[in-house]
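Fold and contact review
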Amino acid sequence: YLAEHARKFNPNVKVLPTGLDTGIYSGQSFSNNDANIRLVWIGSKATLKYLEEIGDVLEEIGTRYNNVVLRVISDEFIDFKNIAFENIKWTLENEGRDLAECNIGISPLPDDNFTKGKCGFKILQYMAAGLAVVASPVGGNSEIVKDGENGFWARNVNGWIEKLSTLIEDSELAVKMGMRNLEAVKRYDIRVIDEKLYKLIWSV
């Protein structure tokens, strides 16, 4: 989407994905000592509104399953009535652990001109932590998440409830998707992206 816009001004456009240091998420074995299934959302207060937009979904999930907890990792928080939640203040030092303790990463987005240009970074974080993912197929989300392989797309309220319920009820599937993500995210590691950036610069 961004490349298409840039080509209006220069036809020589290459797409370099956003990268991350996968080492701070993977290779670590974190788990909680309870039997709860943790959904997780990570982000800043600027995008917290996107989580609020699926509030009805989360309340329904909380009503259906008494072993599901929503973890929000952010600098600001919202409260829910029917789903247990954990509000955790984001820190660079702890984000890998705080994500790896969870089971399913969520990334809801509306479909508008701003979100079409988003890179899907939180999904990469979920993948690097070995989590299954449910995401709106918007912007980078639709390229990173392969529907039915390493996660699910959810387009509306019913879709969100259905896909989350599937992963909550089928822990083996969630683990399998998480393992696929650990492998798939390697191509987004900063060392791989650094090399691509170097080659792009050298080529010009």
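Quick summary incoming for the structure in this document. (Residues numbered from 1 in each chain as written. Predicted model: local features only at pLDDT ≥ 70, side-chain atom pairs only at ≥ 80, totals over all residues. Heavy atoms only, no water.)

For the rest of this paragraph, the subject is the overall build of the chain. A tally of helices and strands in the chain yields nine helices and six strands. A compact globule built from 204 residues would reach a C-alpha radius of gyration of about 17 Å, and the chain, at 17 Å, matches this within 12%. Considered along the principal axes of its C-alpha atoms, the chain spans approximately 55 × 35 × 30 Å. Buried positions account for 45% of the 204 residues belonging to the chain. In the chain, the share of contacts with a sequence separation of at least 24, taken over all contacts with a separation of at least 6, comes to 67%. For the chain, the exposed surface amounts to about 11100 Å²; the carbon and sulfur share of it is 50%. (Helix = DSSP H or I, 4+ residues; strand = E, 2+ residues; numbered from the N terminus. Rg over C-alpha atoms; globule rule 2.2 N^0.38 Å. Buried < 20%, exposed > 50% of the residue type's maximum accessible area, 1.4 Å probe, protein only. Contact = heavy atoms within 4.5 Å. Areas by Shrake-Rupley, 256 points an atom, 1.4 Å probe, with all protein chains shown as cover.)

Because side chains alternate across strand β4 (residues 104-107), one face comprises the buried residues Ile 104 and Ile 106, and the other comprises Gly 105 and Ser 107, equally buried. Note: strand β1 (residues 37-42) against β4, two bridges, orientation parallel. Bridging across to β4, Leu 39 finds its partner in Ile 104. Bridge analysis of β4 against strand β5 (residues 132-135) gives four bridges, and the strand direction is parallel. Looking at β5, one finds that Ile 106 is bridged to Val 134. Following the chain from β4 across helix α5 (residues 121-128) to the adjacent parallel β5, one finds a crossover that is right-handed. (Pairing = 2+ DSSP bridges. Right-handed = clockwise from strand over helix to strand, strands pointing away.)

Checked against the element boundaries, Leu 182 lands in helix α8 (residues 171-184). Along the primary structure Leu 182 and Thr 166 are separated by 16 residues, whereas in three dimensions their C-alpha atoms are 20 Å apart.

Now for the pattern of salt bridges. Inspection of every chain in the model, using the stated rule, returns ten salt bridges. In this structure, Glu 86 engages Arg 38 in a salt bridge whose closest nitrogen and oxygen atoms are separated by 2.7 Å. Highlighted residues: Glu 86 in strand β3 (residues 84-89) and Arg 38 in strand β1, separated in sequence by 48 residues. The salt bridge partner of Arg 191 is Asp 189, with a shortest N-O separation of 2.8 Å. What makes Arg 191 partly exposed here is its relative accessible area of 48%. Bridged by salt links that share partners, the residues Arg 38, Arg 71, Glu 86 and Glu 101 form one connected network. (Salt bridge = Lys/Arg side-chain N within 4 Å of Asp/Glu carboxyl O.)

A few words on the side chain of Lys 122. For Lys 122, the location among the structural elements is in helix α5. No salt bridge is formed by the buried Lys 122; the nearest opposite charge belongs to Glu 95, separated by 11 Å. Excluding its chain neighbours within four sequence positions, the residues that come into contact with Lys 122 are Trp 41, Ile 42, Thr 47, Ile 106 and Ser 107. (Lys, Arg positive; Asp, Glu negative; His and termini not counted.)

What follows deals with the packing of helix α3 (residues 55-64) against helix α7 (residues 157-169). For the pair α3 and α7, the least separation of the axes is 10 Å and the interaxial angle reads 40 degrees. In this structure, α3 meets α7 at a crossing whose hand is right-handed. On α7, the residues that touch Val 57, Glu 60, Ile 61 and Arg 64 of α3 are Val 157, Trp 160, Ile 161, Leu 164, Ser 165 and Ile 168. For the contact of α3 with α7, the residue count by class is seven nonpolar, one polar and two charged. (Axes fitted to C-alpha atoms, helices over the stretch in contact; angles between N-to-C directions. Left-handed = near helix turned anticlockwise from the far one by under 90°. Nonpolar A, V, L, I, M, F, W, Y, C, P; charged D, E, K, R; others polar.)

Moving on to the sheet that holds β4. The strand order across the open sheet built from six strands is β3-β2-β1-β4-β5-β6, with neighbouring strands paired in parallel fashion. This sheet does not close on itself; its edge strands, each paired only once, are β3 and β6 (151-153). Pairs of neighbouring strands in the sheet enclose a mean axial angle of 20 degrees, with direction left out of account. Contacts from α8 reach β5 and β6 within the one sheet, and its direction differs from that of β5 by about 90 degrees.

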